[in-house]
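# Fold and contact review
One-letter residues, chain by chain:
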Amino acid sequence: MAKDSADKGQPAELPLSKRWIDLRKIALMRAVLALSALLVIYIDRSQPNEFSGPIYLALASYGVYSIVIWVLAVRRSRALPITVLHWLDVAWYLPLIALSNGTNSIFFFFFFFAILVASFGWGFHSGMRVTVVSAVLFTVVGYAAANAQSDFQLNRLLLRPIELLVLGYLIAYWGGVQSRLIARLQLLKEVSILSNPRFGVERTIQSVLESLRSSYGADSCLTILPKSQAGHPIRLYGSSSEVAYHLYRTDRNGSKAGDPSSEISHEMARAFLTASPSHAIIYRRGNPGEVFVYDTKTKDPVNEEEVERPAFLNAFDDKSCFSVP
């Protein structure tokens, strides 16, 4: 049971080795992109521009910047601003757009590199933020730079931001899907590694809960398990009032893996249980709050009016949470 989830678009942290492998690849492609653009502009002089000198200087500077980023990524330097690299790319592209025919600039397509990095590196929301900001800035800077030129084309001014938004949304969507899949695979990997009998049951359960809480960015995560008698587990939905339960809980800034569990009574355990052992419940805080109930056996939603409001919502002070069997 987790409550107050953080940003859903933020993927779980990748293993450090995997993160640095991706950074090195991206940094290398950034350097190739910058140096290739400089070479193409130098070879193709079919469209002389009064800002040719500043364009060469800007591209050369971006090339040097890209090489520096690549070196830092190879060396795994902590000075590398990992979380804002795509925003720095967007900032580099703006002067290139302004110096090279505005909305007609060939550097327009560079924005897709920043969108790809943000989407596949940090998820859907990050990709969409870069997409929207890039479209707005391109429109403003492109119009200001191209409006004074005799070959100003309004159709490109209107079409290219739309192209950025449409293709950027698709890139961000698929990047978000990949990020969620990576996060789920990473969680499954952590759970399988932690399920080691040498650690003991208590430590294993606490470690798994902490991995689950961290993966969803939740404030708290808890599970309730019945105590066994004579080696036979007791059904969680049994009717005996004498049954005792173990409560395991991890918090963002509280308990750590390995803390002992707490023993609770049958009545207290029932307060946290749903009406049916097959029901999964999602509660979204709001005014009023929304409750979504799903049957895990049939995979179908359950009418909220047919389900009694779970008592554990009050225990969590009406915070967003979900419960699964």
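Residues numbered from 1 in each chain as written. Predicted model: local features only at pLDDT ≥ 70, side-chain atom pairs only at ≥ 80, totals over all residues. Heavy atoms only, no water.

## Some thoughts on the pairing of strand 6 (residues 290–295)
Stated formally: Per-residue accessibility, obtained with a 1.4 Å probe over protein chains only, is compared with the maximum for each type, and a residue is labelled buried under 20%, exposed over 50%, and partly exposed between these values. Counting from the N terminus, the helices are DSSP H or I runs at least four residues long and the strands are E runs at least two residues long. At least two DSSP bridges between two strands are required for those strands to pair.
Here strand 6 shows a clear split, with Val291, Val293 and Asp295 buried on one side and none of Glu290, Phe292 and Tyr294 buried on the other. In the sheet, strand 5 (residues 279–284) pairs with strand 6 via 6 bridges, with the strands oriented antiparallel. Looking across to strand 6, one finds that arginine 284 is bridged to glutamate 290. In sequence, strand 5 turns back onto strand 6 through a hairpin of 5 residues. Note: strand 6 against strand 7 (residues 300–302), 3 bridges, orientation antiparallel. Bridging from a neighbouring strand, valine 293 pairs with valine 302 of strand 7. With antiparallel pairing between neighbouring strands as the criterion, strand 6 and strand 7 make up a hairpin whose turn holds 4 residues, including lysine 299 at a positive phi of roughly 65 degrees.

## Observations concerning the side chain of arginine 30
Formally: It only takes one pair of heavy atoms within 4.5 Å for two residues to be counted as in contact.
Its location among the elements puts arginine 30 in helix 1 (residues 16–43). If sequence neighbours within four positions are ignored, arginine 30 has contacts with Tyr62, Tyr65, Ser66, Ile69, Leu85, Asp89 and Phe113.

## A short note on the packing of aromatic side chains
We count it as follows: Each aromatic pair joins two rings of Phe, Tyr and Trp (for Trp, the six-membered one) with centres within 6.5 Å, and gets the label stacked for planes under 30 degrees apart, edge-to-face for over 60, and tilted for any other angle.
In total, this model carries 15 aromatic pairs according to the counting rule given. An angle of 75 degrees between the planes, with centres 5.4 Å apart, marks the rings of phenylalanine 107 and phenylalanine 110 as edge-to-face. On the accessibility criterion, phenylalanine 107 (1% relative accessible area) is buried. Ring centres 6.0 Å apart and planes at 85 degrees place the aromatic pair phenylalanine 124 and tyrosine 169 in the edge-to-face group.

## Observations regarding the pattern of salt bridges
Put simply, the rule reads: The working definition used for a salt bridge is a side-chain nitrogen of Lys or Arg within 4 Å of a carboxyl oxygen of Asp or Glu.
Taken as a whole, this structure holds 5 salt bridges when the rule is applied. In this structure, the salt-bridge partner of arginine 30 is aspartate 89, at a minimum N-O distance of 2.9 Å. Of the two residues, arginine 30 sits in helix 1 while aspartate 89 sits in helix 3 (residues 85–99), which places them 59 residues apart along the sequence. Assigned by exposure class, arginine 30 and aspartate 89 land together as buried. In this structure, the salt-bridge partner of arginine 252 is aspartate 219, at a minimum N-O distance of 3.1 Å. Placement of the pair is arginine 252 in the loop between strand 3 (245–251) and strand 4 (262–264) and aspartate 219 in the loop between helix 7 (201–216) and strand 2 (220–226), with a sequence separation of 33 residues. Residue classification places arginine 252 among the partly exposed residues on the basis of a relative accessible area of 41%. Residue aspartate 219 is classed as partly exposed on the basis of its relative accessible area of 22%.

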